[in-house]
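Here are the chains, one letter per residue:
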Amino acid sequence: MSVTADTLFHRAAAGLPCWIGDSDGSREQLPTARWMGGTASTPEDLRADQAMISRCTGPTIDLGCGPGRLTEALARRGVSALGVDSSKAAVDLTIGRGGNAVLKDLFEPLPETGNWSCVLLADGNIGIGGDPVRLLRRAADLLAPDGAVIAEVDAPSHHGIRNRTVRWETDTMVGDWFAWSSVSADATASIADAAGLQVVDVAPIDGRYFARMTLRSFTNS
Ligand SMILES: C[S@@+](CC[C@H](N)C(=O)[O-])C[C@H]1O[C@@H](n2cnc3c(N)ncnc32)[C@H](O)[C@@H]1O
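What you are looking at is a predicted structure, and each value in this text was computed from that prediction instead of being measured.

Draft legend 1. Summary view of the site of the ligand. Residues in contact with the ligand amount to 17 residues; listed here are only the nearest, Pro67, Arg69, Asp85, Leu106 and Asp123. Contacts to the ligand include Asp105, whose side-chain N or O atom sits 3.4 Å from a nitrogen atom. Relative to its unbound accessible surface of 600 Å², the ligand loses 92% to contact with the protein. Of the residues that constitute the shell around the ligand, the class distribution is seven nonpolar, five polar and five charged.

Draft legend 2. Broad picture of the sheet that holds strand β2 (residues 27–29). Strand order across the open sheet formed by four strands is β2-β1-β8-β9, with antiparallel pairing between neighbours. On the outer flanks of this sheet lie β2 and β9 (178–183), each paired with one strand and no other. The average angle at which neighbouring strand axes cross in this sheet is 40 degrees, direction not considered. With three bridges joining them, strand β1 (residues 19–22) and β2 adopt antiparallel strand pairing. Bridged to Gly21 within β2 is Arg27.

Draft legend 3. The environment of Ala179, seen in detail. Along the chain, Ala179 turns up in strand β9. On the accessibility criterion, Ala179 (38% relative accessible area) is partly exposed. Considering only alpha carbons, one finds Ala179 and Arg138, 41 residues apart in sequence, at a separation of 17 Å. With sequence-adjacent residues up to four places away left out, Ala179 is seen in contact with Gly127, Gly129, Gly130 and Arg164.

Draft legend 4. Just the packing of aromatic side chains, in detail. Under the defined criterion, the tally for this structure stands at three aromatic pairs. With centroids separated by 6.4 Å and ring planes inclined at 80 degrees, the aromatic side chains of Phe178 and Trp180 adopt a geometry described as edge-to-face. Relative accessible area serves as the criterion here: at 24%, Phe178 is assigned to the partly exposed category. Members of the aromatic cluster, each reached through a chain of ring pairs, are Trp168, Phe178 and Trp180. Sitting over the ring of Trp19, Arg27 keeps its end group 4.2 Å from the ring centre. One residue, Arg134, lies across the ring of Phe107, its end atom 3.8 Å from the ring centre.

Draft legend 5. Structural detail: unusual backbone geometry. At Asp123, a position not held by glycine, the phi torsion is positive, near 55 degrees. A residue is classified by how much of its surface remains accessible, and Asp123, at 19% relative accessible area, is buried. We note that Asp206 has phi near 50 degrees; this positive angle belongs to a residue other than glycine. Positionally, Asp206 belongs in the loop between β10 (197–205) and β11 (208–215). Classification of Asp206 as partly exposed rests on a relative accessible area of 44%.

Draft legend 6. Quick look at helix α6 (residues 132–142). Of all 11 residues making up α6, eight are buried, and the element is well covered by its neighbours. Along α6, the residues classified as buried are Pro132, Val133, Leu135, Leu136, Arg138, Ala139, Ala140 and Leu142.

Draft legend 7. Focus on the pairing of β11. Of all eight residues that make up β11, seven are buried, and the element is covered over most of its length. In terms of strand pairing, strand β7 (residues 143–153) meets β11 through six bridges, oriented antiparallel. Bridging from a neighbouring strand, Val153 pairs with Tyr209 of β11. The pairing of β10 with β11 spans eight bridges and is classified as antiparallel. Note on β11: the bridge partner recorded for Ile205 is Arg208. As consecutive antiparallel partners, β10 and β11 are separated by two residues, and within that stretch Asp206 has a phi angle of approximately 50 degrees, a positive value.

How each quantity is defined
Residues numbered from 1 in each chain as written. Predicted model: local features only at pLDDT ≥ 70, side-chain atom pairs only at ≥ 80, totals over all residues. Heavy atoms only, no water. Near = heavy atom within 4 Å. Polar contact = N/O pair within 3.5 Å; in protein donor to acceptor, adjacent residues only side chain to side chain. Areas by Shrake-Rupley, 256 points an atom, 1.4 Å probe, with all protein chains shown as cover. Nonpolar A, V, L, I, M, F, W, Y, C, P; charged D, E, K, R; others polar. Pairing = 2+ DSSP bridges. Helix = DSSP H or I, 4+ residues; strand = E, 2+ residues; numbered from the N terminus. Axes fitted to C-alpha atoms, helices over the stretch in contact; angles between N-to-C directions. Buried < 20%, exposed > 50% of the residue type's maximum accessible area, 1.4 Å probe, protein only. Contact = heavy atoms within 4.5 Å. Phe/Tyr/Trp six-rings, centres within 6.5 Å; stacked < 30°, edge-to-face > 60°. Lys NZ or Arg CZ within 6 Å of the ring centre and 35° of its normal.

Any link to function would need more than the numbers given here.
Put into structure tokens, the structure is as follows:
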């Protein structure tokens, strides 16, 4: 059986480890406990989540929401939030914890396109699909004119943008290869620019980096 995102989230919910394998032969354990949230979160995880959540001050769409810890946290604060994920297990977990979520590919038509105050790309989701400019263009479409994209990016590095071919793995099984990109903090401005966005700031929180981007045509007076 092939390892899919559904396998990953079923295992994460059961506290079992998963890895991301790279076609270069390397393999890293996934931070599934962080994605699940709750008691498994470290103080650093909670500070990073807080940094993202505090930047989402109006209706927020959480693209690639996974098990929905951020969608749920926003809803608990009274911020209207919608998770979007192509994994049924992820959407079920999000709804099960009290978040609102839809089972969709983020490139499909989505509700309230052009009206979201915040588009969240947490946990490196700027890399979904292996084409960060296309992904940020999609995020830009979803935004209200004065909205902002909040995206976690990698630490500044000479890699800039790293286009990768990866797969989900368990201790005994592997999934199909798919494209993913890693974007370093210092490469974010050029990608944002190509997508019609501008970087307002990049916040470093305990060694993780969160970029805030607004539409380039919007000037905050
Ligand atoms: C790195 S995980 C993100 C974890 C998540 N932010 C969390 O808090 O648990 C990437 C997520 O993106 C979802 N995903 C990948 N491609 C997608 C797409 N095209 N449309 C919607 N969701 C997608 C995966 O199913 C997975 O849940």
